[in-house]
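Here's the letter readout for the chains.
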Amino acid sequence: MRQSFFLSLLILVSSTAVFAAEPAKPYSVPIPAETEILKTLKPEHPRLFAPKGEEERILKLIADHPKAKRFFDELIKEADKLVMDPNRTVEHKLVGPRLLDQSRACMNRVYTLATAYRLTKDKKYCDRAVTEMLAAAAFPDWNPSHYLDTAEMTHALGAGYDWLYHDMTPEQRKTIREAIRDKGLLTGKPIYEKNGWWAKSENNWNQVCNGGLTIGALAIAEDEPELAAWIVNRAANSVQIPMREFAPDGGYVEGLGYWVYGVSYNVFMLAALDTALGTDFGLSTFPAFDKTGDFRIEMIGPTGRAFCFADGSDRVGTAPIMFWLAKKFDKPHYAYHERELIDRSNYWSLWWFDPRGTVEDLAKNLPVAEQFRKVDVVVMRSNWTDPNALFLGLKGGSNNVNHSHLELGSFQFDANGERWFIDLGADNYNLPDFWGKKRFTYYRLSTAGHNTILIDGKNQEHRKGIAPITAFETDRNGNSSAAVDLSKAYPEQVSSASRTVKLDGKVIEFLDEFEGIKGNEIVWQAHTRATIKIDEAAGNKAVLTQNKKSLNAEIVEPKDAVWEIVSAEEPPEPNAKNKGIVKLSIRRPVTEKPGEFRVRFSYR
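Residues numbered from 1 in each chain as written. Predicted model: local features only at pLDDT ≥ 70, side-chain atom pairs only at ≥ 80, totals over all residues. Heavy atoms only, no water.

Quick look at the sheet that holds strand S13 (residues 521–528)
Hydrogen bonds between backbone atoms are what pair the strands of a sheet, whose relative direction is either parallel or antiparallel. Quick note on the threshold: In short, DSSP must find at least two bridges between two strands for them to pair. Secondary structure follows DSSP: runs of H or I at least 4 residues long count as helices, runs of E at least 2 residues long count as strands, and numbering of each begins at the N terminus. To get an axis, a line is fitted to the C-alpha atoms, and for a helix only the part in contact is used. The angle between two axes follows their N-to-C directions and goes from 0 to 180 degrees.
One open sheet accounts for 4 strands, arranged S7-S13-S18-S17; its pairing is antiparallel. With partners counted over all chains shown, the strands left at the sheet margins are strand S7 (453–455) and strand S17 (564–567), one partner each. Strand-to-strand twist of the sheet, defined as the mean angle between neighbouring strand axes without regard to direction, takes the value 35°. Here S7 pairs with S13 via 3 bridges, running antiparallel. Bridge pairing in S13 places Ile 453 opposite Trp 524.

Some details on the pairing of strand S10 (residues 480–485)
Looking along a regular strand, one sees side chains alternate from face to face of the sheet. Stated precisely, the cut-off is as follows: For each residue, the accessible area found with a 1.4 Å probe, counting protein chains only, is set against the maximum for its type, and the residue is called buried under 20%, exposed over 50%, and partly exposed in between.
Counting buried positions over the 6 residues of S10 gives 5, a clear majority of the element. Sheet topology note: the strand S9 (residues 469–474)/S10 ladder contains 5 bridges and is antiparallel. Across the sheet, the residue bridging to Ala 471 is Ala 483, located in S10. Two successive antiparallel strands, S9 and S10, enclose a turn made up of 5 residues, where Gly 478 displays a positive phi of approximately 85°.

As for the pairing of strand S14 (residues 531–534)
Bridging between S14 and strand S15 (residues 541–546) involves 4 bridges; their strand directions are antiparallel. Note that in S15 the partner of Ile 534 across the bridge is Ala 542. Two successive antiparallel strands, S14 and S15, enclose a turn made up of 6 residues.

As for the nonpolar core
Where a protein is soluble and globular, its nonpolar side chains tend to be buried together. Definition in use: To define a nonpolar core, start from buried Ala, Val, Leu, Ile, Met, Phe, Trp, Tyr and Cys residues and group those joined through side-chain atoms within 4.5 Å. Any two residues having at least one pair of non-hydrogen atoms within 4.5 Å are treated as being in contact.
Core analysis: the largest hydrophobic core is formed by 140 residues, its most contacted members being Phe 49, Leu 157, Leu 218, Trp 259, Phe 289 and Trp 352. For this core, the element with the highest residue contribution is helix H11 (residues 255–277), accounting for 16 residues. Residues within four places of Trp 259 in sequence aside, it is in contact with Gly 250, Tyr 252, Ser 264, Thr 292, Gly 293, Phe 295, Arg 296, Ala 319, Ile 321, Met 322 and Leu 325. Of all hydrophobic cores here, the second largest spans 49 residues; its members include Ala 369, Leu 390, Phe 413 and Val 599.

What to know about the side chain of Arg 177
Here is the rule we go by: Identification of polar contacts relies on pairs of N or O atoms within 3.5 Å, with a donor-acceptor requirement for protein atoms, meaning one able to donate a hydrogen and the other able to accept it, and with residues adjacent in sequence counted only if both atoms are side-chain atoms.
Tracing the backbone shows Arg 177 in helix H7 (residues 170–193). Among the polar contacts made by the side chain of Arg 177, one reaches the side chain of Tyr 161 at a distance of 2.9 Å.

What to know about the pattern of salt bridges
Put simply, the rule reads: In the sections that follow, a salt bridge refers to a side-chain nitrogen of Lys or Arg positioned within 4 Å of a carboxyl oxygen of Asp or Glu.
Per the counting criterion, the structure on display carries 40 salt bridges. Glu 570 is the salt-bridge partner of Lys 577, the closest N and O atoms lying 3.4 Å from each other. Overall, the relative accessible area of 36% leaves Lys 577 in the partly exposed class. For Glu 570, a relative accessible area of 58% gives the class exposed. The network of salt bridges with shared partners includes Asp 80, Asp 122 and Lys 124.

Brief notes about the packing of helix H8 (residues 204–219) against helix H9 (residues 225–238)
Any two packed helices are characterised by the angle at which their axes cross and by the distance between the axes. To keep it simple, the criterion reads: Roughly parallel means an angle under 35 degrees; roughly antiparallel, over 145; roughly perpendicular, 65 to 115; everything else is oblique. It is the rotation of the near helix from the far one that decides the hand of a crossing: anticlockwise by less than a right angle makes it left-handed, clockwise makes it right-handed. All amino acids are sorted into three groups, where Ala, Val, Leu, Ile, Met, Phe, Trp, Tyr, Cys and Pro are nonpolar, Asp, Glu, Lys and Arg are charged, and the leftover types, Gly among them, are polar.
Interhelical geometry of H8 versus H9 gives an angle of 155° and a closest axis separation of 9 Å. With respect to H9, the element H8 is oriented roughly antiparallel. Of the two elements, H8 crosses H9, and the hand of that crossing is left-handed. On the side of H8, the interface is formed by Asn 206, Asn 210, Leu 213, Thr 214, Ala 217 and Leu 218, while H9 contributes Ala 228, Ile 231, Val 232, Ala 235 and Ser 238. The class makeup of the residues in the contact of H8 with H9 is 7 nonpolar, 4 polar and no charged.

Structure representation (structure tokens):
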């Protein structure tokens, strides 16, 4: 009996091990064959995003909701400026390797003018939009060497062609349709055929390029059915690659700025499919896509500034896709947050406007602290309703993802209504070899340019530099803590390193611990716009002030350490100037003993 029992157990363990070793299949949804994919195409125009009849719904919202009325007034003001300047159309003018500024200008003008026309029926807006599209259609190309430019221009003309179809002459339609086909869709076809890099990438390029080409294909599908069906099929299969990256919790490894860009095009694509074909083929069911709006909200502090990383910015801007996500997944708090946050609206703010949601919905639906696991960042705040609440973001993850900086362990935080420690954001994309070997020689992208630990002035490891979040705790009272393992960020300089942060009441504490340090000097550093006054009697204490508010800074360990103020204003040319920025620093010689920094910030 005993032998039989152990034999059965061995068989069970062996079979379980074999089963566990099988890799899980990536989530995917089946896309119809080319011969089937357009069978449900709506024959009439407009078919993209806002079919005929949506105008009445928007006009009622404008009449009923002051904020929708404000958005409408702002749009008409912008449209009138464009009408008054009919010769200011897009030009085939590259900045560095990019035509992207012109593609985006065309898109914003066409949507603004076409929206104004659809809501007012004033033909002057339609005529000016058509002038803009004809100017772009006359370009020799849409710069396919930098394919984002082509994708966004295809989007611009595709949407304009669809929305203004019945108000253009046959000749105008032909010119714009052929430009969409020849300068857009046919330049994308060989990329799909060769499985070019963006068609198989996991980042925003995939979302933007697939989204733009899908919109162009659906706009002219009745005239180019075979090509349109082919493009939509390939795009719908390709976009599943980055959509898998939302799991498990909706985070986005390229940071909030590129979240807005990539997810916007993801939404444009799904919305275009849904309105033109009556289905998005199940793409919106991808795991955690319904949660990705949480990432945007959680990344924004009570000051209205983002916790930013990679080539991002703390400027939040507008993201009308939050209205679309709110409706699609029945999340009114998404709509509330976007309505309250918007400082400048656009056409999507009207078409997707959602009046639902309250501040209480934020606290009810979102935790005060969150770990985004694939991204490996933590954000924490003391509460959702107090504009003076504490807020802190901590960066773990990888130094080797798209747009990454060498910034593992970096942080930013708000307290008492101010952003005290900042991220400098990206530098000029057109700097020499910005995407090559010189990338991390630029101050803003280097470890020296971030709020983390610097050893002997050297950068963190790039390709293999990772920093997992190893601990995360929070409670309902807004007390939270997190730890990040930084050992592999400095593989040649330490045997182990970690950073732990705690948020408790009106206090934020950092504990940095190191073992086996090699080198001469280790520096704790954080960038700020605040004025700093160090206590002359106790050099381990300082007071930061800005806008008549103050923050206390104290070095708890080492007990003999003192604060230093280091200017970050004048890195060597051609680096961006960081006007008014200083670093609050601790500088220590390396010893053979394990070391630590314990730093505390508080306010009354």
